[in-house]
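Residue strings, one per chain:
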Amino acid sequence: MRLHHSLLPLFTLITTACSGFGNAPYQKCEGSVWATTYHITYRSHRPLDDSIIHVMRQVEMSLSPFTDSSTVSRINNGVSVSTDTLFRRIFLASKEVNKLSHGAFDPTVAPLVNLWGFGYRNTGIPPTDAMIDSALTLVGIDRCHIIADTIVRPTPHTEFNFSAITKGYGCDLIGEMLRRNGCTDYMVEIGGEMAVSGANPRGDRWHVMVDAPIESDTSVIHSRMAVIAITDVGVATSGNYRNFRQEEHGKVWHTIDPVTGRPAHPHILSATVVAPSAMLADALATACMAMPLDQAVDMIERTPAAAAMFVQPADSTYRITRTSRFPELLP
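Residues numbered from 1 in each chain as written. Predicted model: local features only at pLDDT ≥ 70, side-chain atom pairs only at ≥ 80, totals over all residues. Heavy atoms only, no water.

**Looking at the packing of aromatic side chains**
Going through the model one piece at a time under the given rule, you end up with six aromatic pairs. Residues Tyr 26 and Trp 206 carry aromatic rings whose centres are separated by 6.5 Å and whose planes lie at 75° to one another, so their mutual orientation is edge-to-face. Of the two residues, Tyr 26 sits in strand E2 (residues 26-33) while Trp 206 sits in strand E8 (residues 206-211), which places them 180 residues apart along the sequence. Pair check on accessibility: Tyr 26 and Trp 206 agree, each one buried. (Phe/Tyr/Trp six-rings, centres within 6.5 Å; stacked < 30°, edge-to-face > 60°. Helix = DSSP H or I, 4+ residues; strand = E, 2+ residues; numbered from the N terminus. Buried < 20%, exposed > 50% of the residue type's maximum accessible area, 1.4 Å probe, protein only.)

Laid out in structure tokens, this is it:
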């Protein structure tokens with residue numbers, strides 16, 4: 001599964017002129033965070049940039065495995081077993097998607113991701129079967145629990161890395177902050193994951209472009225494959241085609257199967273998921289990458305109000321499969 005948060009955006013907002021709509025103008029807030037970029041557009045009489053940055057800082061101090069003083073790092077390093085509100089919320093969501101995906105989504109797969117060189121603590125050594133088997137004994141969010149505010153793990157060496165769901169969660173939290181400040185028309189995008197609400201500056205639903213899966217491990221190539229119009233949902237794309245490593249025996253993909261402990265077979269090039277929250281869309285899209293197409297479609301169809309578009313390789317091009325609730329593609 002994807003647990004490396006430097007994955008660059010897999011789809012891009014189609015921008016429109018930001019003239020005022022209604023009683024308030026549209027504001028913009030853009031920058032870099034968590035080794036990626038963010039673009040936020042919202043309708044408000046006053047700028048809320050400081051509040052947006054504050055929310056991002058809260059997420060970082062709770063969930064970033066790259067920040068030694070964060071809650072998740074303190075837990076991983078055995079300094080503390082106490083959780084905070086953000087940790088508890090994303091932990092429970094992860095448990096839900098782990099169950100929905102029959103284990104394909106599992107934030108405790110971090111030791112395996114590190115072994116394969118895609119994590120936050122890489123060994124730089126090709127993993128042996130013995131190393132993989134040893135790391136597998138540490139994996140299993142279904143064996144983890146929170147009692148009061150204390151995390152209970154199956155082993156002291158079980159680690160958490162919520163990077164495969166954190167960007168979506170951050171989008172939701174910023175959206176919630178905007179709503180508390182009276183903003184109901186907004187688009188929050190962090191590293192390609194989005195939470196959208198209300199109307200865009202033209203008074204229409206938000207138009208989102210989904211990139212074609214053009215393979216490149218050195219640069220981001222944006223090429224329009226489809227456009228959808230959405231609002232009041234979260235949307236996320238996960239894919240293997242921009243995060244892999246070329247080795248002598250072939251490509252090693254960044255999606256690690258928590259069941260086998262090895263890179264998942266790239267049955268699906270990319271999965272774009274629309275769901276009630278960006279956090280759920282983010283986690284479901286990640287889970288899809290570690291599953292065969294039929295299992296991924298079944299999971300999405302079983303998840304209330306969720307929909308997905310899958311891209312698979314087909315000869316020299318690709319083919320698209322959409323689930324029943326996925327939005328219509330715009331011309």
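**A few points about the confidence of the model for the protein**
On average, the protein scores 86 in pLDDT, and the residues at 70 or more come to 84%. Note that residues 1-21 has pLDDT below 50 and, in this model, 100 contacts with residues that lie over four places away or in other chains. Throughout residues 216-221 the model reports pLDDT below 50, and contacts reaching past four residues in sequence, or to other chains, amount to twelve contacts. (pLDDT = per-residue confidence, 0-100. Contact = heavy atoms within 4.5 Å.)

**A short note on the pairing of strand E6 (residues 186-190)**
Within a regular strand, the side chains alternate between the two sheet faces. Of all five residues that make up E6, five are buried, and the element is covered over most of its length. Residues Tyr 186, Val 188 and Ile 190 of E6 are buried on one face, and the alternating residues Met 187 and Glu 189, pointing to the opposite face, are buried as well. In this sheet, E6 lies alongside strand E3 (residues 36-43) in antiparallel orientation, the contact comprising five bridges. If you follow Tyr 42 over to E6, its bridge partner there is Tyr 186. Taken together, the five bridges between E6 and strand E7 (residues 193-197) define a ladder with antiparallel strand orientation. (Pairing = 2+ DSSP bridges.)

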